[in-house]
Amino acid sequence: MLKRDFRLKKNKDYKITYNKGKYLTGQYVIMYYLKNGLSVNKFGFSISKKVGKAVVRNKIKRRLRECCRLNNSRLAQGYNIIFVARSKIKGIKYVLVEEEIINLLSKANLLKQNS
């Protein structure tokens, strides 16, 4: 489980990241990112009701959180990163989601060079 210290909690933080940050799109997720001036990354997750009912949305959110927790040590620190799930993510295996997230992070140059 991703610790609460590494999560975006305030609506203001989400809005700033959406409005001032950059974004990349993938087949299953859209990633927004922005430097936050801190020494840690903060992650946010957004899953629309269009994706599915609460059980499905929570399962997707748990998978995204776990992917961020496992790969946080490989990332450059000091960013707000928001993952927005697309409706295609429903029913997809965890491995495919993790591959896409790592691919988006590398496109954004957020992966450390020695990884």
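Rules behind the numbers
Residues numbered from 1 in each chain as written. Predicted model: local features only at pLDDT ≥ 70, side-chain atom pairs only at ≥ 80, totals over all residues. Heavy atoms only, no water. Helix = DSSP H or I, 4+ residues; strand = E, 2+ residues; numbered from the N terminus. Buried < 20%, exposed > 50% of the residue type's maximum accessible area, 1.4 Å probe, protein only. Phe/Tyr/Trp six-rings, centres within 6.5 Å; stacked < 30°, edge-to-face > 60°. Axes fitted to C-alpha atoms, helices over the stretch in contact; angles between N-to-C directions. Parallel < 35°, antiparallel > 145°, perpendicular 65-115°, else oblique. Left-handed = near helix turned anticlockwise from the far one by under 90°. Contact = heavy atoms within 4.5 Å. Nonpolar A, V, L, I, M, F, W, Y, C, P; charged D, E, K, R; others polar. Core = buried A, V, L, I, M, F, W, Y, C linked by side-chain atoms within 4.5 Å.

Visitor: Help me understand the environment of lysine 53, please; the structure alone is not making it clear to me.
Guide: Here lysine 53 shows up in the loop between strand 3 (42–46) and helix 2 (54–71). Overall, lysine 53 belongs to the exposed group, its relative accessible area being 69%. Sequence separation between lysine 53 and glycine 26 is 27 residues; the distance between their C-alpha atoms is 22 Å.

Visitor: When you look at the packing of aromatic side chains in this model, what are you seeing that I'm missing?
Guide: Remark: the centre distance and the inter-plane angle together describe each pair of aromatic rings, the angle taken between the planes. Summed over the entire model, instances satisfying the criterion amount to 4 aromatic pairs. Ring geometry for tyrosine 14 and tyrosine 18: centres 6.4 Å apart, planes at 40°, overall tilted. Here tyrosine 18 and tyrosine 14 lie together in helix 1 (residues 11–20), a separation of 4 residues that amounts to about one turn. The buried category is assigned to tyrosine 14, whose relative accessible area is 17%. Tyrosine 18 sits in the partly exposed class, given a relative accessible area of 30%. Look at phenylalanine 45 and phenylalanine 83: their rings are 6.3 Å apart centre to centre, the planes differ by 20°, and that puts the pair in the stacked class. Of this pair, phenylalanine 45 sits in strand 3 while phenylalanine 83 sits in strand 4 (residues 79–85), and the two are 38 residues apart along the sequence. Residue phenylalanine 45 is classed as buried on the basis of its relative accessible area, which comes to 10%. Clustering of aromatic rings is evident, with ring pairs tying together Tyr14, Tyr18, Tyr23 and Tyr32.

Visitor: I would appreciate a short explanation of the packing of helix 2 against helix 3 (residues 94–107) in the present structure.
Guide: Relative to each other, helix 2 and helix 3 sit at 55°, their axes nearing to 10 Å. Viewed along their axes, helix 2 and helix 3 adopt a mutual orientation that is oblique. For the crossing formed where helix 2 meets helix 3, the hand is right-handed. Along its contact with helix 2, which presents Arg63, Leu64, Glu66, Cys67, Leu70 and Asn71, the element helix 3 presents Tyr94, Val97, Glu98, Ile101 and Ile102. When the residues that make up the contact of helix 2 with helix 3 are grouped by side-chain class, the tally is 7 nonpolar, 1 polar and 3 charged.

Visitor: Just to check I follow, could you spell out the nonpolar core for this structure?
Guide: Within soluble globular proteins, side chains that are nonpolar tend to cluster in buried spots. By size, the foremost hydrophobic cluster in this structure holds 27 residues, and its most contacted members are Met31, Leu64, Ile81 and Phe83. For this core, the secondary-structure elements that each account for two or more residues are strand 2 (29–35), strand 3, helix 2, strand 4 and helix 3. Here leucine 64 is in contact with Val29, Phe45, Ile47, Phe83, Val97 and Ile101, once residues within four sequence places are set aside. Leu8, Tyr14, Ile82 and Val84 belong to the second-largest nonpolar core, a separate cluster that totals 6 residues.

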